[in-house]
Amino acid sequence: MILVEEALQHILGKIPRLGTERLGILQARGRVLAEEIFAPRNIPPWDNSAMDGYSVRWEDVQTATKERPAILKVLGDLPAGRIFRGRGGPREAVRIMTGAPLPEGFDTVVQVEDTEKDGDRVKIFSFPGKGKNIRLAGEDVKAGTRILEEGALLRPAHIGMLAAIQRSWVSVYQQPRVAILSTGDELLDIDEPWEEGKIVNSNSYSLASLVAECGGLPLQLGIAQDRSEDLSSKIQQGLVADLLVTSGGVSVGDYDLVKKMLDEMGQMNFWKVAMRPGQPLAFGMISGKPLFGLPGNPVSSMVSFEQFVRPSILKMSGHRDLFRPALTAILREDLSKKTGLVHFIRCSLLAQGGKVFASTTGEQGSGILSSMVKAQGLIVLPRDQTLARVGEEVTVILLDPSFFHLASPVFLS
Ligand code: AMP
Ligand code: MG
């Protein structure tokens, strides 16, 4: 028996980070940055107006009021995108639009609402304060500073920042290609005619979706019969991928051909992990590629994927944060178990009054996929715990990211 954390530590120690590739910035969203990005110049590049109004010298307007306006000579009109070639002097102003570079000689902008044009003069009715309504050069980003760190997950704001410094491409970590193989003579694929005694291969599809959800590229190898030639040739095909995942054939008392084949093909560990569901797990390297042998039961394969394969795919993709968010929830029913195994219990969640409540999704058998469908999270009941009562706090691994939207609605009024 091996603990979940021991198995995970062993696995992550063997999982490499993949190489890098150059992508256009729009293709790079959701990927992990593989370089540091420095600002080649200030943003904004020059002091500019934050308002439509008049650029002035603060001394000329410091006593301006509605009753006793300051009257200034207007030297010109400055739309955004242009530069004013002159220089401001005493009792002078330039009409300026938002974003236009502040003409030399001025230090303050008065917004247009506090002014009145009068021929080639302007009346200024208030003093906003020295230096007001100006965005200073470099106030967002200073030239030469590091704006994005290696390892950053590229979100829309990051893409905007890259655009702001005129970077059209970036170096990111490659997306892992993950080959998926279901094993078992009893399996029938979704497009094959239904036959008595057969079981439809759902694992290839739930696993491929899990791969895609965490940013990998699934590669379907289909179904391997429990025959050595079929198994080995399909695994050989899968070696074009960066990582392989099989389901079935690793359980105790199984027709253990998968175990035998994997053992012959590479350096494999066959563990009993102290967890439920998902106790049997094979992990090793075949021709330099990591391979996970997950149990065949639909829930076991998904929960094992969550624990071991997902963090591995994230590590390969360059992520630093490898785990799902966890939250603390209050139990709505009693739970009991024996000591020895950590239990991952499928649960639905309810947000109420700033608290989150967890209820099990019913029958927890490792073949009950419908209870996985209902599950928004997995309650983690530690190995040595035998009982958790209604009202107690438990840790829940969040599977459904949209739960946060339900938990914290934002009301705009
Ligand atoms: P195994 O781990 O190979 O002993 O499989 C255990 C059970 O999981 C089998 O009896 C099937 O009921 C189920 N199973 C195995 N592979 C799949 C699959 N690809 N899709 C759905 N169910 C499966
Ligand atoms: Mg089997």
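Refer to the structure printed above.
Residues numbered from 1 in each chain as written. Chains lettered and ligands numbered in written order. Predicted model: local features only at pLDDT ≥ 70, side-chain atom pairs only at ≥ 80, totals over all residues. Heavy atoms only, no water.

Attention now goes to the packing of aromatic side chains. The full count for this structure, using the stated rule, is three aromatic pairs. Consider the rings of Trp271 and Phe283, whose centres lie 6.4 Å apart with planes at 10 degrees: the pair is stacked. Pair noted here: Trp271 is in strand 18 (residues 267-272) and Phe283 is in strand 20 (residues 280-286), with a separation of 12 residues, a long-range link. Neither Trp271 nor Phe283 differs from the other in exposure class; each is buried. (Phe/Tyr/Trp six-rings, centres within 6.5 Å; stacked < 30°, edge-to-face > 60°. Helix = DSSP H or I, 4+ residues; strand = E, 2+ residues; numbered from the N terminus. Buried < 20%, exposed > 50% of the residue type's maximum accessible area, 1.4 Å probe, protein only.)

A few words on the pairing of strand 25 (residues 355-360). Both strand 22 (residues 326-331) and strand 25 contribute to a ladder of two bridges, which runs parallel. From the neighbouring strand, Leu331 faces strand 25, where its bridge partner is Ala358. Bridge count for strand 24 (residues 342-352) against strand 25 is six bridges, and the pairing is antiparallel. Bridged to Leu350 within strand 25 is Phe357. Turn length for the strand 24-strand 25 hairpin, with the two strands adjacent in sequence and antiparallel, is two residues, and the turn residue Gly353 shows positive phi of about 55 degrees. (Pairing = 2+ DSSP bridges.)

Bringing the nonpolar core into the picture now. By size, the foremost hydrophobic cluster in this structure holds 41 residues, and its most contacted members are Phe292, Phe305 and Phe308. Considering each element in turn, this core owes the most residues, nine residues, to helix 7 (residues 298-316). Counting 19 residues, the second-largest nonpolar core is a separate cluster that includes Leu181, Ile235, Val250 and Ile286. (Core = buried A, V, L, I, M, F, W, Y, C linked by side-chain atoms within 4.5 Å.)

We now examine the packing of helix 1 (residues 4-14) against helix 7. One way to put it is that helix 1 packs onto helix 7 with a least axis distance of 10 Å and a crossing angle of 30 degrees. Here helix 1 is positioned roughly parallel relative to helix 7, judged by the angle of their axes. Seen from above, helix 1 lies across helix 7 with right-handed handedness. Two secondary-structure elements touch here, helix 1 through Val4, Ala7, Leu8, Ile11 and Leu12 and helix 7 through Gln307, Phe308, Pro311, Ser312 and Lys315. Of the residues assigned to the contact of helix 1 with helix 7, the class counts are seven nonpolar, two polar and one charged. (Axes fitted to C-alpha atoms, helices over the stretch in contact; angles between N-to-C directions. Parallel < 35°, antiparallel > 145°, perpendicular 65-115°, else oblique. Left-handed = near helix turned anticlockwise from the far one by under 90°. Contact = heavy atoms within 4.5 Å. Nonpolar A, V, L, I, M, F, W, Y, C, P; charged D, E, K, R; others polar.)

Time to look at the side chain of Ser304. Among the secondary structure elements, Ser304 is positioned in helix 7. Among the polar contacts listed, one links the side chain of Ser304 to the backbone oxygen of Ser300, at a separation of 2.7 Å. Apart from residues no more than four positions distant in its own chain, Ser304 is found in contact with Met275, Gly278, Leu294, Pro295 and Val309. (Polar contact = N/O pair within 3.5 Å; in protein donor to acceptor, adjacent residues only side chain to side chain.)

The next point concerns the pattern of salt bridges. Applying the stated rule across the entire model yields 17 salt bridges. Asp60 serves as the salt-bridge partner of Arg57, at 3.4 Å between the closest nitrogen and oxygen. With a relative accessible area of 11%, Asp60 lands in the buried category. Taking the shortest distance from any N to any O, the salt bridge between Glu213 and Arg324 comes out at 3.1 Å. Taken together, the residues Glu213 in helix 4 (residues 203-213) and Arg324 in the loop between helix 7 and strand 22 connect sequence positions 111 residues apart. Overall, the relative accessible area of 45% leaves Glu213 in the partly exposed class. Judged by its relative accessible area of 13%, Arg324 is buried. Members of the salt-bridge network, linked through shared partners, are Glu36, Arg146 and Glu149. (Salt bridge = Lys/Arg side-chain N within 4 Å of Asp/Glu carboxyl O.)

Here we take up unusual backbone geometry. The omega torsion of the bond from Ile43 to Pro44 falls at -10 degrees, within 30 degrees of zero and hence cis. Within the secondary structure layout, Pro44 lies in the loop between strand 2 (37-38) and strand 3 (48-49). The step from Arg276 to Pro277 runs through a cis peptide bond, and the omega angle for that step is -5 degrees. Phi at Arg91 takes a positive value of approximately 55 degrees, unusual for a residue other than glycine.

As summarised here, the arrangement of the six strands in space is 7-4-6-5-9-8, forming an open sheet in which the pairing is mixed. Two strands lie at the open edges of the sheet, namely strand 7 (108-111) and strand 8 (115-118), each paired on one side alone. Sheet twist, expressed as the mean angle between neighbouring strand axes with direction ignored, is 35 degrees. Two strands pair when backbone bridges link them, and strand 5 (residues 70-78) and strand 9 (residues 121-124) are joined in this way by four bridges, in the antiparallel orientation. Along strand 9, the bridge assignment pairs Ile71 with Lys123.

Turning to the environment of Pro79, a few remarks are in order. Here Pro79 lies in the loop between strand 5 and strand 6 (92-96). Taking the C-alpha atoms as reference points, Pro79 and Arg68, separated by 11 residues in sequence, lie 28 Å from one another. Every residue in contact with Pro79, bar those within four places of it in the chain, is listed here: Met97 and Ala100.

Spatially, 16-13-17-21-20-18 is the arrangement adopted by the six strands of the open sheet, whose pairing is mixed. Every interior strand has two partners, whereas the edge strands, strand 16 (217-224) and strand 18, have only one. Each neighbouring strand pair of the sheet contributes to a mean axis angle of 15 degrees, computed without reference to strand direction. Judged from the six bridges that link them, strand 18 and strand 20 form a sheet pairing that is antiparallel. Its bridge partner being in strand 20, Asn269 is matched across the sheet by Phe283. Against the sheet, helix 1 engages strand 18, strand 20 and strand 21 (289-294), with an angle of about 20 degrees to strand 20.

Once that is clear, we can look at the pairing of strand 17 (residues 243-247). Of all five residues making up strand 17, five are buried, and the element is well covered by its neighbours. For strand 13 (residues 177-183) and strand 17, the ladder comprises five bridges, and the chain directions are parallel. In the strand pairing of strand 17, Leu181 is matched with Thr246. Pairing of strand 17 with strand 21, which is carried by four bridges, proceeds in the parallel orientation. When the sheet's bridge partners are listed, Ser247 is paired in strand 21 with Leu294.

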